[in-house]
Amino acid sequence: MSSSPPLSRREFLGQASCAGVGTTALFSTLLTLRLANSLAAQTVPAGGDYRALVCLFLAGGNDSFNMLVPTSSGEYEAYAKVRGNLALAKDTLLQITPGNLGGRTLGIHPSMTEVRDLFTQGRLAFVSNVGSLVRPTTLADVKAGRHLPVSLYSHADQIKQWQTCIPDQRTAIGWGGRAADIIRSLNGPSLVSMNISLSGQSVFLTGQQAFTYAVGSSGATALTGYSATAVNSLTAVRSKGVNNIVDQTYRNLFEQTYADSTRDAVDSYAEFSTALAGITLTTPVPTGNSLASSLAMIAKIIAANGKFGAKRQIFFVQLGGWDHHDEVVNNQLTMLRTVSQAVGFFNSALTEIGLADKATLFTASDFGRTLTSNGNGSDHAWGGNHLVMGGAVGGGKVYGDAAAGHYPDLQNLAAIDTGQGRLIPGVSVDEYARDLLSWFGISSGNMDYVLPAFSSRFGGRPALGLFSAASTSTPATPSAPATPATPSTPTPPASSGGGGGGGGGGASSPLFLGALGALALLRLRQKRLDRRKAEAKTAPAKP
């Protein structure tokens, strides 16, 4: 294990200048870190009970008005007319009567029997006509080009806007990452991040300080050819060489960051594998369902939360292939079945480990799709329908714009249809996220850091009410952030370039360290410091 000492402020500044970090970029980075640390220290939810958020991202844009269909008299006929050859037969739909729609009925896609069952059991709810909004928007705004998200209907931009909740700018910092910036101090020190992805790196989990730990459905990925326990073999020799390289102290910060990153990857793998050792699920994973396999791994990690010292965790898993410009009806038969079986499995797995009311799964997607057919499929649109599942969810209901009856009346779309059945969202992604984050433990005082546009643009709108008051965390009341305007554009500062150089006797290098490299080093140093402090507390006293 590495025993490199933490850098003093003087050493850090000295080495950073030699490595080419510009003064402005460096201090901007440090101030950003200071602000995030301050917010994290202020917000400690009362009780400290465990909570997990699981984002299931349906990449490509799910045609969600065939996932949740109106079936009341007059409404189904309007649906069938606008959808044309994409309309599902009424008698094939899984009928539900949501508890808050005044008797209006809906139908769930016929492939989603598990979702229907969870809905009727009160463990799952829908949120209708959600989309990326700069602010509450009217058809007149759209026609005038006012208050529109950047590159509306674009896959790349809408994905980022769903994952960042910043629709009028481009940024790489997600609202899941910013939530972790705020609340990660609630967790104990661990080399395994509270933000865990089953689908590689994502904008959603990226914060100013928070980082993503990526695993697969079979667990963490080991360093090829490395084994800490190997003896008398080529693997043992190779592993010893790796240890010798990464455990040295380097004067050049780029080299030190790389070495620390490699060491942390090795140590994180060991910590992750040890924590999950012996944790099994008896709930059978649906055969051939890769999404269910990913959710099985998430369930195991949730079961092991105490071994990570985790009170809060955020997960991300993506299922692609939803860009159905063709064959939407046939493709959804299998794909929505995959989702339904996986969600049903996940509920059963959470029940098995006794944490069904401590984890909430929610769906997200690039955008909804046109109600009208393009021939055999549907095109990019705006508002869409989503599901939220968990023991704390107020299930059996459809949440949405209350003034519009929660679910759009397809008989009266003139005020929200921008053309071809592209519906202006009645609920912003910010509002959707606000309910989830409130349950997760983000206080109202810190919501503007996680959702930078919320209070100024959607603050007067009531909460959706996805969770009962009894299940919502009661965070400690924080003092206001010292500079509340700063998080409004939480993009990492750019480096100012500069030449390389080992500095003070270290090996020279043509590479330089920018502000993000400095940030990475600070993260690594802080993790190691936290871990050493924790080890010191549990170490036996010396005689």
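For the structure, check the block above.
Residue positions within a chain follow its written sequence, with the count starting from 1. Note on the predicted model: pLDDT of at least 70 is required for a residue's local features to be given, and 80 or more for side-chain atom pairs to be given and counted; whole-chain, interface and lining totals, by contrast, use all residues. Only hydrogens and water are removed before side-chain values are computed, so all heavy atoms of the structure are retained for them.

## Here we look at the overall build of the chain
Here comes step 1: Counting its secondary structure elements, the chain contains 15 helices and 12 strands.
Here comes step 2: When accessible area is computed with a 1.4 Å probe and restricted to protein chains, residues below 20% of their type maximum are described as buried, those above 50% as exposed, and intermediate ones as partly exposed. In the chain, buried positions account for 53% of the 543 residues.
Here comes step 3: Contacts: residue pairs with any heavy atoms within 4.5 Å of one another. Counted over contacts in the chain with a minimum sequence separation of 6, partners at least 24 positions apart contribute 76%.
Here comes step 4: The method behind every accessible area is Shrake-Rupley, applied with a 1.4 Å probe, and residues are considered shielded solely by the protein chains displayed. Of the accessible surface of the chain, which amounts to about 21500 Å², a share of 55% is contributed by carbon and sulfur atoms. A run of H or I in DSSP counts as a helix once it spans at least four residues, and a run of E counts as a strand once it spans at least two, with each numbered from the N terminus.

## A word on the sheet that holds strand β3 (residues 94-96)
Pairing between the strands of a sheet comes from backbone hydrogen bonds, and it takes one of two forms, parallel or antiparallel.
Here comes step 1: The criterion for strand pairing is that DSSP finds at least two bridges linking the strands in question. Overall, antiparallel pairing links the three strands, which are arranged β2-β4-β3 in an open sheet. Whereas interior strands pair on both sides, the edge strands pair on one side only; in this sheet they are β2 (68-70) and β3. Across this sheet, the average inter-strand angle for adjacent strands is 35 degrees, counted without regard to direction.
Here comes step 2: By the bridge criterion, three bridges tie β2 to strand β4 (residues 106-108) in an arrangement that is antiparallel. Paired with Val69 across the two strands is Gly107, which belongs to β4. To obtain an axis, a line is fitted to C-alpha atoms, over the contacting stretch when the element is a helix, and the angle between two such axes runs from 0 to 180 degrees between their N-to-C directions.

## Points about the packing of helix α4 (residues 113-120) against helix α11 (residues 328-352)
Here comes step 1: Contact geometry of α4 with α11 gives a least axis separation of 7 Å together with a crossing angle of 45 degrees. Taken as axis vectors, α4 and α11 run oblique relative to one another. When α4 is examined against α11, the residues Thr113, Glu114, Val115 and Leu118 are found in contact with a partner set consisting of Ser340, Gln341, Val343, Gly344 and Asn347.
Here comes step 2: For the contact of α4 with α11, a count of residues per class yields three nonpolar, five polar and one charged. Each angle is binned into one of four classes, with values under 35 degrees roughly parallel, values over 145 roughly antiparallel, values of 65 to 115 roughly perpendicular, and all other values oblique. Each residue receives one of three labels: charged for Asp, Glu, Lys and Arg, nonpolar for Ala, Val, Leu, Ile, Met, Phe, Trp, Tyr, Cys and Pro, and polar for the others, Gly being one of them.

## Some remarks on the packing of helix α10 (residues 290-303) against α11
Here comes step 1: Viewed as axis vectors pointing N to C, α10 and α11 meet at an angle of 20 degrees, and their least axial separation amounts to 9 Å. For the element pair α10 / α11, the angle class is roughly parallel. Where α10 crosses over α11, the handedness of that crossing is right-handed. Mapping the contact onto sequence places Leu291, Ala292, Leu295, Ala296, Ile298, Ala299 and Ile302 in α10 and Thr338, Val339, Ala342, Val343, Phe345, Phe346, Ala349 and Leu350 in α11.
Here comes step 2: For the contact of α10 with α11, the class distribution of residues is 14 nonpolar, one polar and no charged. By definition, turning the near helix anticlockwise from the far helix through less than a right angle yields a left-handed crossing, and turning it clockwise yields a right-handed one.

## A few points about unusual backbone geometry
Here comes step 1: The phi torsion at Asn129 lies on the positive side, around 55 degrees, for a residue other than glycine.
Here comes step 2: Along the chain, Asn129 falls in strand β5 (residues 124-131).
Here comes step 3: We note that His147 has phi near 60 degrees; this positive angle belongs to a residue other than glycine.
Here comes step 4: As for its position among the elements, His147 is in the loop between α5 (139-144) and α6 (155-164).

## Observations regarding the nonpolar core
Here comes step 1: Here the nonpolar core consists of buried residues drawn from Ala, Val, Leu, Ile, Met, Phe, Trp, Tyr and Cys, with membership extended through side-chain atoms lying within 4.5 Å. Grouped together as the largest cluster of nonpolar side chains are 73 residues, with contacts concentrated most on Phe126, Phe272, Ile302 and Phe346.
Here comes step 2: Among residues more than four places away in sequence, those in contact with Phe346 are Val54, Leu295, Ile298, Ala299, Ile302, Leu361 and Met389.

## A few points about the pattern of salt bridges
Here comes step 1: Basic side-chain nitrogens of Lys or Arg form a salt bridge, by our definition, when they fall within 4 Å of a carboxyl oxygen of Asp or Glu. Enumeration over the complete set of coordinates arrives at 12 salt bridges.
Here comes step 2: Asp435 is the salt-bridge partner of Arg434, the closest N and O atoms lying 3.6 Å from each other. As far as burial versus exposure is concerned, Arg434 and Asp435 are alike and both buried.
Here comes step 3: When salt bridges with common partners are traced through the structure, they connect Asp49, Arg51, Arg312 and Lys358 into a single cluster.

## As for the side chain of Thr363
Here comes step 1: With respect to the secondary-structure elements, Thr363 resides in strand β9 (residues 359-365).
Here comes step 2: Counted as a polar contact is a pair of N or O atoms within 3.5 Å, where, for protein atoms, one must be capable of donating a hydrogen and the other of accepting one, and residues adjacent in sequence contribute only when both atoms are in side chains. Here Leu387 takes part through its backbone nitrogen, which lies 3.1 Å from a polar atom of the side chain of Thr363.
Here comes step 3: Here Thr363 is in contact with Leu56, His386, Leu387 and Tyr432, once residues within four sequence places are set aside.

## A few points about the environment of Asp117
Here comes step 1: By secondary structure assignment, the location of Asp117 is in helix α4.
Here comes step 2: Separated by 21 residues in the primary sequence, Asp117 and Ile96 have C-alpha atoms spaced 9.8 Å apart.

## So, the packing of aromatic side chains
Here comes step 1: Pairing of aromatic rings covers Phe, Tyr and Trp, the last counted by its six-membered ring, and requires centre-to-centre distances within 6.5 Å; plane angles under 30 degrees mean stacked, over 60 mean edge-to-face, and any other angle means tilted. Following the criterion strictly, the structure yields 15 aromatic pairs and no others.
Here comes step 2: Judged by centre distance (5.8 Å) and plane angle (40 degrees), the ring pair of Phe119 and Phe126 falls under tilted.
Here comes step 3: Under the relative-accessibility criterion, Phe119 is labelled buried at 3%.
Here comes step 4: Judged by relative accessible area, which is 0%, Phe126 ranks as buried.

## A few points about the environment of Leu198
Here comes step 1: Structurally, Leu198 is set in the loop between β6 (195-197) and β7 (212-214).
Here comes step 2: On the accessibility criterion, Leu198 (10% relative accessible area) is buried.
Here comes step 3: Through-space distance from the C-alpha of Leu198 to that of Ile298 is 8.1 Å; in sequence the pair is 100 residues apart.
Here comes step 4: Excluding residues that lie within four positions of it along the chain, Leu198 makes contacts with Val215, Gly216, Ser217, Ser294, Met297, Ile298, Phe316 and Val317.

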